[in-house]
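These are the residues of each chain, in order.
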Amino acid sequence: DAAIKEMQAYQEQLTHKCRILAQRVAEIGVEIARVNIADFDAIYSGELLSSIRAEYSGSVPDGASWLVITDCPWAAYVEFGTGIVSGYFHCGVEI
């Protein structure tokens with residue numbers, strides 16, 4: 001009986017540590033995203049940089065789920081490019 005209680009306590013501690021780890025990984029993801037955006041020379045007003053954040057998205061078995069998100073309207077263009085513009089792809093390849 002004592003061994004079972006000890007294992008349950010250990011499992012609860014482990015689940016808590018997994019939740020903390022998931023949060024920390026998301027926070028690191030925010031830092032990396034901001035550095036990458038700065039490398040893209042995509043900083044105009046600072047709105048994109050300041051809108052990137054980690055957000056808790058719910059519990060999962062034995063842990064938690066976190067997302068790195070932004071609600072900036074033009075974030076997708078910075079991430080994926082603008083596609084075809086004036087007969088050129090964003091990478092400069094003529095079509």
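Each remark here, short or long, concerns the structure printed above.
Attention in this report is confined to the structure presented alongside it.

1. Comments concerning the pairing of strand β1 (residues 53-60)
Consideration 1: Pairing between β1 and strand β2 (residues 63-69): seven bridges, direction antiparallel. Considered in β2, the bridge of glycine 58 is made with serine 65.
Consideration 2: Between β1 and β2, which pair antiparallel in sequence order, lie two residues; one of them, aspartate 62, sits at a positive phi of approximately 65°.

2. Some thoughts on the nonpolar core
Consideration 1: Membership of the largest hydrophobic core is limited to six residues, which are Val30, Ile37, Leu48, Ile52, Cys72 and Ala75.
Consideration 2: Leave out the neighbours within four places in its chain, and cysteine 72 touches Glu47, Leu48 and Ser51.

3. Things to note about a nonpolar patch on the surface
Consideration 1: A grouping of Met7, Tyr10 and Leu14 is seen on the molecular surface, where their side chains present a nonpolar patch of about 330 Å² in accessible area.
Consideration 2: Of note, tyrosine 10 is situated in helix α1 (residues 2-39).
Consideration 3: Using a relative accessible area of 47% as the deciding quantity, one classes tyrosine 10 as partly exposed.

4. Focus on the pattern of salt bridges
Consideration 1: The final tally for this structure, using the stated rule, is three salt bridges.
Consideration 2: One salt bridge in this structure joins glutamate 27 and arginine 24, with 3.5 Å as the shortest N-O distance. Here arginine 24 and glutamate 27 lie together in helix α1, a separation of three residues that amounts to about one turn.
Consideration 3: Since its relative accessible area comes to 31%, glutamate 27 is described here as partly exposed.
Consideration 4: For arginine 53, the salt bridge identified is with glutamate 55, shortest N-O distance 3.7 Å.
Consideration 5: Look at glutamate 55 and you get partly exposed, because its relative accessible area is 33%.

5. Regarding the environment of leucine 67
Consideration 1: Inspection of the secondary structure puts leucine 67 in strand β2.
Consideration 2: Linking leucine 67 and tyrosine 56, residues 11 residues apart in sequence, is a C-alpha distance of 6.4 Å.
Consideration 3: If we skip the residues at most four places from it in the chain, leucine 67 touches Arg53, Ala54, Glu55 and Ser57.

6. A few points about the side chain of serine 51
Consideration 1: Among the secondary structure elements, serine 51 is positioned in helix α2 (residues 47-51).
Consideration 2: For serine 51, a relative accessible area of 10% puts it in the buried group.
Consideration 3: In this structure the side chain of serine 51 is engaged in a polar contact, spanning 2.9 Å, whose partner is the backbone oxygen of leucine 48.
Consideration 4: In this structure serine 51 touches Ile69, Thr70, Asp71 and Cys72, once residues within four positions along its chain are discounted.

Here is what the cut-offs are and how they apply
Residues numbered from 1 in each chain as written. Predicted model: local features only at pLDDT ≥ 70, side-chain atom pairs only at ≥ 80, totals over all residues. Heavy atoms only, no water. Pairing = 2+ DSSP bridges. Helix = DSSP H or I, 4+ residues; strand = E, 2+ residues; numbered from the N terminus. Core = buried A, V, L, I, M, F, W, Y, C linked by side-chain atoms within 4.5 Å. Buried < 20%, exposed > 50% of the residue type's maximum accessible area, 1.4 Å probe, protein only. Contact = heavy atoms within 4.5 Å. Patch = residues over 30% accessible without salt bridge, like charges linked within 9 Å, V, L, I, M, F, W, Y side chains within 5 Å. Areas by Shrake-Rupley, 256 points an atom, 1.4 Å probe, with all protein chains shown as cover. Salt bridge = Lys/Arg side-chain N within 4 Å of Asp/Glu carboxyl O. Polar contact = N/O pair within 3.5 Å; in protein donor to acceptor, adjacent residues only side chain to side chain.

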